[in-house]
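Letter by letter, the chains look like this.
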Amino acid sequence: MLIVKLQFEKILKKPPKEALVWFLSTFFGSISAVVLGIGMLLPSNPLLIGERLIHSSYDYLFYFKKPIKPDGVVMVYMDEESHRELNQPYDMGWDRAVHAQLLNKLTDDGVKAVAYDIVFSGAHPKNPNGDYEFAKAIKRNGKVILGAELMIDSVSGGSTFSRAYDPLFDAAACPLGIVQVYADQDFMVRKHLHVPPSPEEIEQSSLSWETARLVAVPITTNSAERFKDRWLNYYGPPGTIQWISFHSALNTPGGYFSNKVVFVGAFLKTVYSGQRKDEYITPYSGKGRFAPGVDIQATQFLNLYRGDWLERLGEKIEEIILIIFGIILGVYLIQLRPFNAIIFGVIFSGLVTVIAVYLFLYHRIWFPWIVMAAVQVPAATLWSWGYNSFRLYVQNRLLEQSLSAYVSPARVKQLLKQPDILQPGAEKQTLSILFSDIENFTHISEGMDSDELAQIMNDYFENGVAKIYETDGTVIKFIGDSIFAVWNAPLPQSDHAIRAAQSGLLLSKAVDTFIKSGKGPNLRTRIGLHTGVADVGNFGSKNRFDYTAIGESINLASRMEGLNKYLGTTLLATGELRNATNQEFIWRYLGRFKLKGFEKAVDVYELISEADKENSVDKWITDFEQAVRKFQSGQFEEAKKEFKNLLSQFPDDAPSHFYVKEIEELKKSALHIGWRGEIEIKEK
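As the structure is a prediction and not an experimental result, all values here were calculated from the model.

Describing the nonpolar core
- Formed by 63 residues in total, the largest nonpolar core has its most connected members in Leu-563, Phe-593, Phe-631, Phe-643 and Tyr-659.
- The element best represented in this core is helix H16 (residues 450-470), accounting for 7 residues.
- Sequence-distant contacts of Leu-563, that is, excluding residues within four places in its chain, are made with Leu-572, Phe-593, Leu-595, Val-604 and Ile-681.
- Met-40, Leu-322, Ala-341 and Trp-366 belong to the second largest nonpolar core, which has 41 residues in total.

Quick look at unusual backbone geometry
- The residue after Ala-489, namely Pro-490, is reached through a cis peptide bond having omega 5°.
- Structurally, the position occupied by Pro-490 is in the loop between strand E18 (482-487) and helix H17 (496-516).
- For Asn-87, which is not glycine, the phi torsion reads 55° and is therefore positive.
- As for its placement among the helices and strands, Asn-87 is situated in the loop between helix H4 (80-86) and helix H5 (96-109).
- Positive phi outside glycine occurs at Phe-187, with the angle close to 65°.
- Tracing the backbone shows Phe-187 in the loop between strand E7 (182-183) and strand E8 (189-191).

Observations concerning the packing of helix H11 (residues 315-333) against helix H12 (residues 338-363)
- In contact at an axis separation of 11 Å, H11 and H12 are set at 155° when each is read in the N-to-C sense. Classed by the angle they form, the pair H11 and H12 counts as roughly antiparallel. The handedness of the crossing between H11 and H12 is right-handed. Contacts between H11 and H12 involve Phe-325, Leu-329, Tyr-332 and Leu-333 from the first element and Ala-341, Phe-344, Gly-345, Phe-348 and Val-352 from the second.
- Classifying every residue of the contact of H11 with H12 gives 8 nonpolar, 1 polar and no charged.

Focus on the side chain of Ser-656
- Structurally, Ser-656 is set in helix H22 (residues 654-667).
- Within the structure, Ser-656 has its side chain in polar contact with the side chain of Asp-653 (distance 2.5 Å).
- Beyond its immediate stretch of four places on either side in the chain, Ser-656 contacts Phe-624, Phe-643, Leu-646 and Leu-647.

Concerning the pattern of salt bridges
- Counting across every chain of the model gives 29 salt bridges.
- A salt bridge links Arg-499 to Asp-472; its shortest N-O distance comes to 3.5 Å. Placement of the pair is Arg-499 in helix H17 and Asp-472 in the loop between H16 and strand E17 (474-479), with a sequence separation of 27 residues.
- Judged by relative accessible area, which is 21%, Arg-499 ranks as partly exposed.
- Among the ionic pairs, Glu-625 bridges to Arg-629, the shortest N-O distance being 3.3 Å. One end of the pair is Glu-625 and the other is Arg-629, both in helix H20 (residues 618-632) and 4 residues apart, which spans about a single turn.
- Salt bridges sharing common partners tie together Asp-437, Glu-439, Arg-524, Arg-526 and Glu-561.

The rules behind these values
Residues numbered from 1 in each chain as written. Predicted model: local features only at pLDDT ≥ 70, side-chain atom pairs only at ≥ 80, totals over all residues. Heavy atoms only, no water. Core = buried A, V, L, I, M, F, W, Y, C linked by side-chain atoms within 4.5 Å. Buried < 20%, exposed > 50% of the residue type's maximum accessible area, 1.4 Å probe, protein only. Helix = DSSP H or I, 4+ residues; strand = E, 2+ residues; numbered from the N terminus. Contact = heavy atoms within 4.5 Å. Axes fitted to C-alpha atoms, helices over the stretch in contact; angles between N-to-C directions. Parallel < 35°, antiparallel > 145°, perpendicular 65-115°, else oblique. Left-handed = near helix turned anticlockwise from the far one by under 90°. Nonpolar A, V, L, I, M, F, W, Y, C, P; charged D, E, K, R; others polar. Polar contact = N/O pair within 3.5 Å; in protein donor to acceptor, adjacent residues only side chain to side chain. Salt bridge = Lys/Arg side-chain N within 4 Å of Asp/Glu carboxyl O.

None of the figures reported here should be taken as evidence of function without further support.
Written out as structure tokens, the structure is:
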């Protein structure tokens, strides 16, 4: 019950709605296991499934028990070989003179007692003298128990009692023993029968009980003990208990049966038409291996003699166990994912089996453990599997909806295999980061109808996000008119810098296409790129998913986007990202800039195009970089001359205009000591 207690303490700490769902799911899981388990114990359960499971709980335990050969009993079989050797008929009782011959042999050997699993009713039709010889032998032995048969009319409920022929009955010094055994519908005898199934008062008990009483087995001294339920503890397959054929028993050396209890009975493979076959199966019976009734009587006697019969837990105790076990299953398995529930279901079934085998082998106790292992565990496991499969399906759909706001549909399918992403928390990760922003967006949106503005922005973002998804980027969020995206998270991408640069180019072209389509005003977009370490993860909670990235690298990418405003460019990146692209793109070095909020200057590059594209800007890029290097070395006049030369060729080149203006400004002020050509951007 500790599992239940811990789970309840854990669930009470959850929000009321979540706790209610847990209680309902646990209740139905537990109730299904309990009801099915208790239902299997009812005698009228459908198709007698419960009865079969209960019987199997008894039968299968013997698979774990090694056969043993008990001492003290010898069975004498009236088998087919003895029929032939002694020339005895199959269609009537044997000549009782032959029985007298065996009994005198047993008496001479000094047996403890002789029990006949035979009803010697009426005089023998062919040799009446044999009856008197047998009666004389019975009286001489003094420890003979004769069999009797109790016949019950299934219609009237009345009974008839068939006992031994009077001369034989009078010669026996002991009460009769009833030869019937209690067989279930599958012809297996599992239970001792010491009280005849008769509504009438019958003094006689079973043959095995009366034999035990004759040899003074201690338990038989209390007559009330014979009314208690006992279950047969078989010692092995048919033939495990010592036996000998009738004809061979007549020729054994003297003393063979000394101090033994002898059971005499029939064991025929075939019988004549209309005769009832006195054979039963046992837990050890293989194909075609049956045990004769005398074998069952001898086993029952040995159980009493050795005190090693089996006991079954009481009905009330079993019901309590099934209830408690069902509740434990319902409470515990409902907490597990479907596959884990199946694994732990198998573990629970195995644990029940181990306990059942232990109690059977070391305490001779059995209970309907298969009901627990094969009904309750599967019922609770199936409920847990169904409930959690549905719950996980709903969670996956919610997760899919959440992730679809960040990544492409193809990427969503990959992330669904990593549900831990929902857990709050972050980790440091090297990312490639993109920030975009619409130039003069405030001015553009002024006076525009809100519905029109919303439609334009939806179309704009749809076009822009599609290009980020094209490179498997993760859109972190929209910040006003800005797009914030990263690569290498939540799933790793070894070429994340290249993907980010490709996305920057695609995004620029997508915006141009969008503008030319006539869907909106001139939405000139500025883009900033950077590669660096950031904290990335779910910064929300278990109930609110907010996947984002924070840190200095994120701020630097944002500053790159803002730097476009000063340089008149569209797509800028830091040296860290440019260096990670392995010559995949054509870049223009724009110089070193000291940005607001950062102590160190940053190398800045303009992304021109992919390296495999035809272009005619190589010399232009080289000339511009040469002018920048002269600027950084303090050769302002020479740098200015080269920038103006570039402007004569490319009059709209905004970075060249920027440097010409910056040189004029620097001439008006003294450079600080240690200046290395960095340009400090002072945001307005």
